[in-house]
Amino acid sequence: MPLVFTLAFRNLFYDRLRLVATIIGIVFSIVLVMIQMGLYFGFGRMVTTMIDHASADLWIMPKGTKCFEDPSLLETRERYRALAIDGVADAIPVVIGFADWRMPTGATTPVFVVGSDLRAGGLQPWNLVEGRIEALSAPKAVAVDRSYFDRLGISGLGATAEIRQQLVRVAAVTDGIRSFTTTPFVFMDVDRARAHTGVPNGKATYFLVRLDPGADRAAVRRQLLSRLSDVEVLTSAEFRERSRTFWLFSTGAGAALFAGALLGIIVGTVIVAQTLYSSTKEHLPEFATLRAIGSSSRYIYAVIVCQALLNAVIGFSIAALVGKAVVQLTAATALPIVITQGLMIGLFALTVAMCIASAIAAIVQVTRIDPAMVFSR
Amino acid sequence: MTASLIEAKGVAKVLGSGAGKVAALKGVTLSLDGGELTLLMGPSGSGKTTLLSILGCMLTPTEGTIRICGRSTAGAEPEDLALLRRQHVGFVFQSFHLFPTLSATDNVRLALDVRGERFRKAKVRAREALAKVGLAHKTKAFPRQLSGGEQQRVAIARAIVGNPSIILADEPTAALDGENGRAIMEILGGIAREQRRAVLIVTHDPRLLPFADRIVHIEDGRIVREERYGVKQS
């Protein structure tokens, strides 16, 4: 084992209490950053879940639409104009909107209605655990997620309730389709969605465009923009980005998450810097001895940086285990924390950078060391 | 004629500044040759440690020149001085300055590690150096498991393992009892005479006189007297 590593390792483990304090500081910091960033990714994924599961090459939407939940409406005649363009195979209407769900007990709760042409399969419920998609074509049929049974005051398949004084019956049950707003999604046919949300018959929120095989998406988009009035045409990726940007940045949610992450980085850096500094100070006579016996400054820096890296590796390993537990604990909640492989790699790099930056104060102290101090002790 | 391993000419050193300024050394000229054990003696505050620090390239003189194995230290940067120490000087300190978290072997190996000598070969050399000072059986011991005399032997092994031409020792027996002090002086004398190295020992202790080839007396920053001896106690 290289002696620099041995020396760094022994210096660290010489004072176990300080080591524990340092590691707790790093773990706290990294877990904080991990959770904030995990929430960021989780939130980002939640706000685009409908876009992710829609079957569309292009989205036609009212001009100025900020996110999927935006209730602005399109004229249905625009759909027919779209269908007249070469390369457009289908333009499936989607209607969304908030409504009140009235339980058999008489209590009400808000729901978010998602209506689509179920025969065309534009935006159907997924992860079905009970019932079938076809069953949603039946009169009054809706699909809900089983995690909202209590909120909706129902017990499962076949349960009934009212939306806008109109009876609905649960014909399909999904698992894991949760809303970040905590308002339950209710899937149904597009015509019934209009009736339940008060959207006039000649209107829709989106048209999901499917292209003919081999059609040029950019060319079709240009055609759509030139022939349809007061609309925007976005790809799924663009709409996803727009929705995410709106919810994360226009609402301040993203800024709050980033601020939390930044706080974590600062706290971690300060804690590691403080402990490394005091450790170096305590070992100053040893560093002076090293200098006296002829070590280069670089050799001493290597010992300090090695200590910082050891802190980083130990701290990050524990933080990763905590993060894994947090991911499992939040998996079934309204806002699951999502930790991707990229995030883990990024966090490890951040931990290393944070620990090395923390070593700077200690290194500055060592650069001022006078090797002749070995004679005064 | 062979050049001296250390040559100091007209060395002066002023410490502190303003009203606290002190002339620690005033025109010291001294040379040390291989094969000699020299004692540097003088009262407290006479400039012994300052001279040792300058000869060991830890301090630079305010005036005068120092040559270590033919190389001048004039204008040398701290890293250049560290290189000179690494290549030519071994140190033995009064309070040993061993690393408490490292074994005897690793303490000695450290002097090779800073020279870039690593791996198995370094370990073998460190053990050989420990064997030379009579500690072949304590290679794995940590400083806290060793007596004062044994710790000083480890420090001597660390000083000699890199084969420096010059060994500088600051009160190496001050923390030891008489028997251990004698043992340490015999080892240092052997290093000087058998390995043809220049050994300079700063001391107050008159019990070390019999081990010296040469005694340099310093007072008030000046060398006031030198004595040479022909026959040594073994």
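What you see is a predicted model; the values in this text were computed from it and never measured.

(A) Structural context of the interface of chain A and chain B. On the chain B side, the residues contacting the 25 residues of chain A number 29 residues. A combined buried area of about 2500 Å² lies between chain A and chain B, and 65% of that area is made up of carbon and sulfur atoms. If you sort the residues of chain A by the area they bury against chain B, Leu3, Ile293 and Phe375 of chain A come out on top, with a joint share of 32%. The tally of links between chain A and chain B comes to one salt bridge. Put simply, chain A and chain B have seven residue pairs in polar contact (both at pLDDT 80 or more) between them. Counting residues per element, the side of chain A that touches chain B draws most heavily on helix H1 (residues 3-14) of chain A, at seven residues. A breakdown of the residues in the side of chain A that touches chain B according to their chemical character gives 13 nonpolar, seven polar and five charged.

(B) Just helix H6 (residues 178-194) of chain B, in detail. All names here are of chain B. Here H6 spans 24 Å end to end across 17 residues, near enough to the 24 Å set by a 1.5 Å rise per residue. Buried within H6 are the following residues: Gly181, Ile184, Met185, Ile187, Leu188, Gly189, Gly190, Ile191 and Ala192. Against strand S3 (36-41), helix H5 (148-160), strand S7 (166-170) and strand S8 (198-203) lie the buried residues of H6.

(C) Here's a closer look at the pattern of salt bridges. Residues and elements named next belong to chain A. Applying the stated criterion across every chain, the model contains 25 salt bridges over all chains. Here glutamate 78 makes a salt bridge to arginine 81, at a shortest N to O gap of 3.3 Å. Separated by three residues within a single helix, glutamate 78 and arginine 81 lie in helix H4 (residues 77-83), roughly one turn from each other. Look at arginine 81 and you get partly exposed, because its relative accessible area is 36%. Notably, a salt bridge pairs aspartate 117 with arginine 119, separated by 3.6 Å at the nearest N-O pair.

(D) Region of the structure containing the packing of aromatic side chains. Taken as a whole, this structure holds 19 aromatic pairs over all chains when the rule is applied. For the pair phenylalanine 246 of chain A and tryptophan 247 of chain A, a centre-to-centre distance of 5.1 Å together with 75° between the ring planes defines the contact as edge-to-face. Here phenylalanine 91 of chain B and phenylalanine 93 of chain B contribute two aromatic rings whose centre-to-centre distance is 5.9 Å and whose plane-to-plane angle is 5°, an arrangement assigned as stacked. Taking the relative accessible area as the measure of exposure, phenylalanine 93 of chain B reaches 0% and is therefore buried. Each residue in the set Trp59, Phe68, Phe98, Phe112, Trp126, Phe185, Phe187, Tyr206 and Phe239 of chain A is aromatic and connected to the rest through ring pairs, giving one cluster. Stacked on the ring of tyrosine 148 of chain A, the Lys or Arg arginine 178 of chain A has its end atom at 5.4 Å from the ring centre.

(E) Fine view of the pairing of S7 of chain B. Residues and elements named next belong to chain B. Burial runs high along S7: five of the five residues are buried. Alternating residues of S7 divide into Ile166, Leu168 and Asp170 and Ile167 and Ala169, and every residue in both groups is buried. For strand S6 (residues 89-92) and S7, the ladder comprises four bridges, and the chain directions are parallel. By the bridge assignment for S7, valine 89 is matched with isoleucine 166. Inspection of the sheet shows S7 paired to S8 by five bridges, in the parallel sense.

(F) Here's a closer look at the domain arrangement of chain A. Residues and elements named next belong to chain A. Assigned domains within chain A: domain 1 (3-46 + 252-375) and domain 2 (58-234). Distance between the C-alpha centres of domain 1 and domain 2: 48 Å. When domain 1 packs against domain 2, the two sides together hide about 420 Å² of surface, and 67% of this comes from carbon and sulfur. When residues of domain 1 are sorted by the area they lose upon contact with domain 2, Phe43, Met46 and Ala334 head the list and together hold 81% of the total. At the junction of domain 1 and domain 2, the tally comes to zero salt bridges. Within the side of domain 1 that touches domain 2, the residues separate by chemical class into four nonpolar, one polar and no charged.

(G) Examining the sheet that holds strand S10 (residues 222-228) of chain B more closely. Residues and elements named next belong to chain B. An order of S6-S7-S8-S3-S9-S10 is seen for the six strands of this open sheet, with the pairing classed as mixed. Each edge of the open sheet is held by one strand with a lone partner, namely S6 and S10. Strand-to-strand twist in this sheet, taken as the mean axis angle between neighbours without regard to direction, amounts to 20°. Pairing geometry for S3 and strand S9 (residues 214-219), over four bridges, is parallel. Paired with leucine 39 across the strands is isoleucine 215, a residue of S9. Across the sheet, H6 is in contact with S3, S7 and S8; its angle to S3 comes to roughly 125°.

(H) Seen up close, the packing of helix H10 (residues 284-292) of chain A against helix H11 (residues 297-330) of chain A. Residues and elements named next belong to chain A. Close contact between H10 and H11 brings their axes to 9 Å; oriented N to C, the two are set at 145°. Considering the relative orientation of H10 and H11, their crossing is right-handed. Residue-level contacts link Phe287, Leu290 and Arg291 of H10 to Ser297, Tyr299, Ile300, Val303, Ile304 and Gln307 of H11. Across the contact of H10 with H11, the residue classes break down as six nonpolar, two polar and one charged.

(I) Local environment of the nonpolar core. Counting 133 residues, the largest nonpolar core has Leu290 of chain A together with Leu188 of chain B as the members making the most contacts within it. Looking at which element gives the most residues to this core, the answer is helix H2 (residues 16-46) of chain A, with 13 residues. Contacts of leucine 290 of chain A, omitting those with residues within four sequence positions, involve Leu7, Ser295, Tyr299 and Ile300 of chain A together with Phe99, Leu110 and Val114 of chain B. Grouped together as the second largest cluster of nonpolar side chains are 39 residues, Leu58, Val113, Val170 and Phe207 of chain A included.

(J) Region of interest: the state of the cysteines. One pass over the structure, following the stated rule, counts zero disulfides over all chains. Take cysteine 355 of chain A: it sits in no disulfide, and the sulfur closest to it among the cysteines is that of cysteine 306 of chain A, at 12 Å. Residue class for cysteine 355 of chain A comes out buried when judged on its relative accessible area of 0%. We note that cysteine 69 of chain B lacks a disulfide partner, and the nearest cysteine sulfur, in cysteine 57 of chain B, lies 9.4 Å from it.

(K) Local environment of the sheet that holds strand S5 (residues 71-72) of chain B. Residues and elements named next belong to chain B. Strand order in the open sheet made by the four strands is S2-S1-S4-S5, with antiparallel pairing throughout. At either end of the open sheet lies a strand with only one pairing partner, and these are strand S2 (22-32) and S5. Pairing between strand S4 (residues 63-68) and S5: two bridges, direction antiparallel. The residue of S5 that forms the bridge with isoleucine 68 is arginine 71. Against the sheet, helix H1 (residues 48-55) engages strand S1 (6-15), S2 and S4, with an angle of about 55° to S2.

What counts, and where the lines are drawn
- Residues numbered from 1 in each chain as written.
- Chains lettered and ligands numbered in written order.
- Predicted model: local features only at pLDDT ≥ 70, side-chain atom pairs only at ≥ 80, totals over all residues.
- Heavy atoms only, no water.
- Contact = heavy atoms within 4.5 Å.
- Buried area = accessible area lost by both parts, 1.4 Å probe.
- Salt bridge = Lys/Arg side-chain N within 4 Å of Asp/Glu carboxyl O.
- Polar contact = N/O pair within 3.5 Å; in protein donor to acceptor, adjacent residues only side chain to side chain.
- Helix = DSSP H or I, 4+ residues; strand = E, 2+ residues; numbered from the N terminus.
- Nonpolar A, V, L, I, M, F, W, Y, C, P; charged D, E, K, R; others polar.
- Expected span 1.5 Å × (residues − 1).
- Buried < 20%, exposed > 50% of the residue type's maximum accessible area, 1.4 Å probe, protein only.
- Phe/Tyr/Trp six-rings, centres within 6.5 Å; stacked < 30°, edge-to-face > 60°.
- Lys NZ or Arg CZ within 6 Å of the ring centre and 35° of its normal.
- Pairing = 2+ DSSP bridges.
- Domains from an automatic or database assignment.
- Axes fitted to C-alpha atoms, helices over the stretch in contact; angles between N-to-C directions.
- Left-handed = near helix turned anticlockwise from the far one by under 90°.
- Core = buried A, V, L, I, M, F, W, Y, C linked by side-chain atoms within 4.5 Å.
- Disulfide = S-S within 2.5 Å.

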